[in-house]
Amino acid sequence: DYEPVTRALWRRLCIGGLAIDVGSHSGVFTLDAFRAGARGVLTIEPHPINYARLVMNVRFNNFPVSGLFYGAAGDENKIDHLLVKGGVYVCHAAGRVGLHNVNGTELPVRVVRIDSLLQEDLWGEVKVVKIDAENLTPQVLKGMGKILDHKPDLIVESTADGLDEVLGHLGYKYWLIRESGSIEPVQDLKPINTTENYNGTDEDCRNRFCSVRGLP
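About the cut-offs
- Residues numbered from 1 in each chain as written.
- Predicted model: local features only at pLDDT ≥ 70, side-chain atom pairs only at ≥ 80, totals over all residues.
- Heavy atoms only, no water.
- Buried < 20%, exposed > 50% of the residue type's maximum accessible area, 1.4 Å probe, protein only.
- Helix = DSSP H or I, 4+ residues; strand = E, 2+ residues; numbered from the N terminus.
- Pairing = 2+ DSSP bridges.
- Phe/Tyr/Trp six-rings, centres within 6.5 Å; stacked < 30°, edge-to-face > 60°.
- Contact = heavy atoms within 4.5 Å.
- Core = buried A, V, L, I, M, F, W, Y, C linked by side-chain atoms within 4.5 Å.
- Salt bridge = Lys/Arg side-chain N within 4 Å of Asp/Glu carboxyl O.

J.: Would you take a moment to explain the pairing of strand β9 (residues 153–157) for this structure?
T.: Taken residue by residue, a regular strand's side chains alternate between the two faces of the sheet. In terms of burial, β9 is a largely internal element, five of the five residues being buried. Burial along β9 is two-sided: D153, I155 and E157 and L154 and V156, pointing in opposite directions, are all buried. For strand β8 (residues 126–131) and β9, the ladder comprises four bridges, and the chain directions are parallel. By the bridge assignment for β9, K130 is matched with I155. Inspection of the sheet shows β9 paired to strand β12 (residues 207–211) by four bridges, in the antiparallel sense.

Now the structure itself:
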């Protein structure tokens, strides 16, 4: 099962509220949110093949596609590029916005602030946000703007330093999610990478839960 502990927590957090799924890939977390009873889901995915599969999966399961956005989340509205390994004809799990590599393929991508995608009267109704944005996670958080003033719960992929700088002054506390079966409090959002995984963190403890309320 893919990220079973994170997904179980996500489903509990989504019940009855508005959820945001950043870096949805083919829609596993978005489908979990709908099935758990989320009132609405804003889903963001920048890779064209992933996005096509996402739309297909959401439609096949008879959930609304009106909240699906083809693009990337960031801290400004602009056109950038998405770096992916190899070709663009299959689903891809680790595209990176704004980076260059001669061995990769660069695709144009629309980058938007989340607070510009969601109308202001809904900012306070966001219950939980999941962010799987590789190198762009700090910018995604900054692009939430005053949505963060409402202190939604967050599940973030911790693959780089700098996340504490965005969230520390807001009173968030942090928990490390181990997919092998535990959730434990930690003091910061620094990645753990004892096995030197390619994306900067170990697969068992890639995600962090951030909340001012605590575990549900």
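Anyway, onward from the coordinates.
J.: Would you mind showing me how to read the packing of aromatic side chains here?
T.: To describe a pair of aromatic rings, one takes the distance between the centres and the angle between the planes. Counting across every chain of the model gives five aromatic pairs. A ring pair is formed by W10 and F29, whose centres lie 5.8 Å apart and whose planes are at 70 degrees; its orientation type is edge-to-face. On the criterion of sequence distance, the pair formed by W10 in helix α1 (residues 4–14) and F29 in helix α2 (residues 28–36) is long-range, its members being 19 residues apart. Classification of F29 as buried rests on a relative accessible area of 4%. Aromatic pair W175 and F209: ring centres 5.5 Å apart, planes at 45 degrees, arrangement tilted.

J.: Can you help me understand the environment of I20 in this one?
T.: Along the chain, I20 turns up in strand β1 (residues 18–22). Along the chain, I20 and V111 lie 91 residues apart, while their C-alpha atoms are 16 Å from each other. If near-sequence neighbours (up to four positions away) are discounted, I20 is found in contact with W10, L42, I114, L118, V126, V128, V129 and K130.

J.: When you look at the nonpolar core in this model, what are you seeing that I'm missing?
T.: Side chains of a nonpolar character, in soluble globular proteins, are inclined to be buried together. Within the largest apolar cluster, 38 residues are counted, with the highest numbers of intra-cluster contacts made by V22, I114, L154 and L167. When residues of this core are assigned to their parent elements, the largest contribution, four residues, is made by strand β7 (residues 104–112). Not counting residues up to four positions away in its chain, the partners in contact with V22 are I44, A73, I114, V129, K130, I131, D132 and V140. Core analysis: the second largest hydrophobic core is formed by 16 residues, W10, L13, F34 and V41 among them.

J.: Please clarify how the pattern of salt bridges should be interpreted in this entry.
T.: Note on pairing: side chains with opposite charge can pair once their charged atoms come close. Here the structure, examined in full by the defined rule, presents 10 salt bridges. Among the ionic pairs, R7 bridges to D32, the shortest N-O distance being 2.6 Å. Here the residue R7 occupies a position in helix α1, and D32 occupies one in helix α2, the gap between them amounting to 25 residues. Of the residues examined, R7 reaches a relative accessible area of 14% and is grouped as buried. Of the residues examined, D32 reaches a relative accessible area of 4% and is grouped as buried. The partner of D115 in a salt bridge is R113, and the shortest N-O contact between them spans 2.8 Å. Look at D115 and you get buried, because its relative accessible area is 16%.

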